[in-house]
Structure formats: C-alpha cells, structure tokens
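Breakdown of the fold
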Amino acid sequence: MKKNLTTSLKLKILIDMKKFILFILLAISLGANAQKVKLSRMEQDGRWQIMTSEKKISLNGAEYSIILKAYVRNGVPDYCLLVSSFYTIPENAEVLFKLGNGETLYFPICNLKVGDISSSYVIGSVIVPNSRKHYISVYDITEHEIQEMEEFGILKMRVTGGSSYREKEWKKDKIGKFLGKSRQVIEEEMKKYVTKDIWDGF
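Below, the discussion takes up the pairing of strand β2 (residues 48-52). Most of β2 sits inside the fold, with 5 of its 5 residues counted as buried. On β2, burial covers both faces: Trp48, Ile50 and Thr52 on one face and Gln49 and Met51 on the other are all buried. Pairing between strand β1 (residues 37-42) and β2: 5 bridges, direction antiparallel. Across the sheet, methionine 42 pairs through a bridge with tryptophan 48, a residue of β2. A loop of 5 residues connects β1 with β2, the two strands running antiparallel in sequence, and glycine 46 in this loop sits at a positive phi of about 95 degrees. Here β2 runs beside strand β4 (residues 62-73); their pairing, made up of 4 bridges, is antiparallel. The residue bridging tryptophan 48 from the neighbouring strand is valine 72, located in β4.

Strand order across the open sheet formed by 4 strands is β7-β6-β10-β11, with antiparallel pairing between neighbours. Whereas interior strands pair on both sides, the edge strands pair on one side only; in this sheet they are β7 (104-108) and β11 (164-169). Each strand axis lies, on average, 15 degrees off the axis of its neighbour in the sheet, ignoring direction. As defined by bridge partners, strand β6 (residues 94-99) adjoins strand β10 (residues 154-161) across 5 bridges and the pair is classed as antiparallel. Following the sheet pairing, phenylalanine 97 is matched in β10 by methionine 157. Strands in contact with helix α2 (residues 143-152) are β6, β7 and β10; relative to β7, the strand with the most contacts, it is inclined by about 140 degrees.

By the definition in use, this model includes 1 aromatic pair. Between phenylalanine 97 and phenylalanine 107, the aromatic rings sit 5.9 Å apart at their centres with planes inclined by 70 degrees, giving edge-to-face as the arrangement. With phenylalanine 97 in strand β6 and phenylalanine 107 in strand β7, this pair connects stretches of sequence that are 10 residues apart. For phenylalanine 97, a relative accessible area of 0% translates into the label buried.

Definitions and cut-offs
- Residues numbered from 1 in each chain as written.
- Predicted model: local features only at pLDDT ≥ 70, side-chain atom pairs only at ≥ 80, totals over all residues.
- Heavy atoms only, no water.
- Buried < 20%, exposed > 50% of the residue type's maximum accessible area, 1.4 Å probe, protein only.
- Helix = DSSP H or I, 4+ residues; strand = E, 2+ residues; numbered from the N terminus.
- Pairing = 2+ DSSP bridges.
- Axes fitted to C-alpha atoms, helices over the stretch in contact; angles between N-to-C directions.
- Contact = heavy atoms within 4.5 Å.
- Phe/Tyr/Trp six-rings, centres within 6.5 Å; stacked < 30°, edge-to-face > 60°.

Structural data, given as structure tokens:
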C-alpha cells in the first residue's frame, strides 16, 4: 500500500514538472514572437515613422525578414511591407501571398535599399573581416489587405530573387496574424501622441 502511494506521488510530481516546463516554454515562445515597436521617430518632411519588430521565415532555405511600417501624417497611416534578406532581391522584385480563402495578393516593389553589413570571424588566431550585401525591399500595402491577411491567413508566399523565385507553403497561417498584430501595435503607438495645429486655440 505504501509502495503504491509512493509511486502515485512520484507520478504526480512528474506530471506537475512536465506541466511547469511546458508553461515556461510557452511563455518563452510567446515572448519571442510578441510584436513591439522597433522604431518611432519624426521624419524631416513632418511624417511620423513607426516600424514594428520583424518575423523571420525561410523560403527554399533562404532566410527572409518581414516587417510592417507606417508613415503617419495628420493621424492617417500609410502602410508599407518590408521584406529583407542577405539573398539577392532584384530591383523589379514582386511578392505573392496566397490567402486561406484562395485569394492571391500581388505586391510589386516600390523601393529597394542595398547596404553592406560588416562582420568578422576567427580562423585560429586570425580575425578575418567579412562583408555581405543586405537587401531591403519595400512594398505598398493597404489597411484592407492587412485585414484580409489577418482574417484568412497566409498559406503561401513567393518572392522573386534574381533570375528565379523562392517560395514556401504552410498548412496553417504563418504571416497573416503577425501582420494583423503589427498593425494593432502601430495603432497603439499612434495613440500616444496627439498632433495639434499651431493655430489651434490661439
């Protein structure tokens, strides 16, 4: 009888430990994927730029980052989608998203920035400098398109890269909810500041 009680107690402790470990892993996962404001500043032309944190995805083994950005003027946001990578993104790049309802959204590039990212690695006692080109492509996106992505989810993405394209298909939404949450984060950031005309109440 005493042996059975001991075995039962050990089993309960083991189950409780597994639940605790799962809770910690879930908390870490949620924290890692939580969107936040990465950049919030006033531009010289009077627009307010707000950019969220990124989401990394792999398309045919090539890593890309996706970011939502907004330029706000008079309280109205103009959204744009950023797709960046160390893999080549051409000046005529195009992006396709297949939604969960079967609809395809098409985005032609409107701007491309290419910069050199410097780093180094060590071979024995020698430090070897290394420089890689980093591509940031920009695409105009409407609030309605973001809402569609959030509602129906994105099940497939394709982006042109050099002379071919890279793509990835998912059984469950991979990017739509992320972009929807990013839009909410930007809207919350917009509420922190109230812009007033210099003549108001003068």
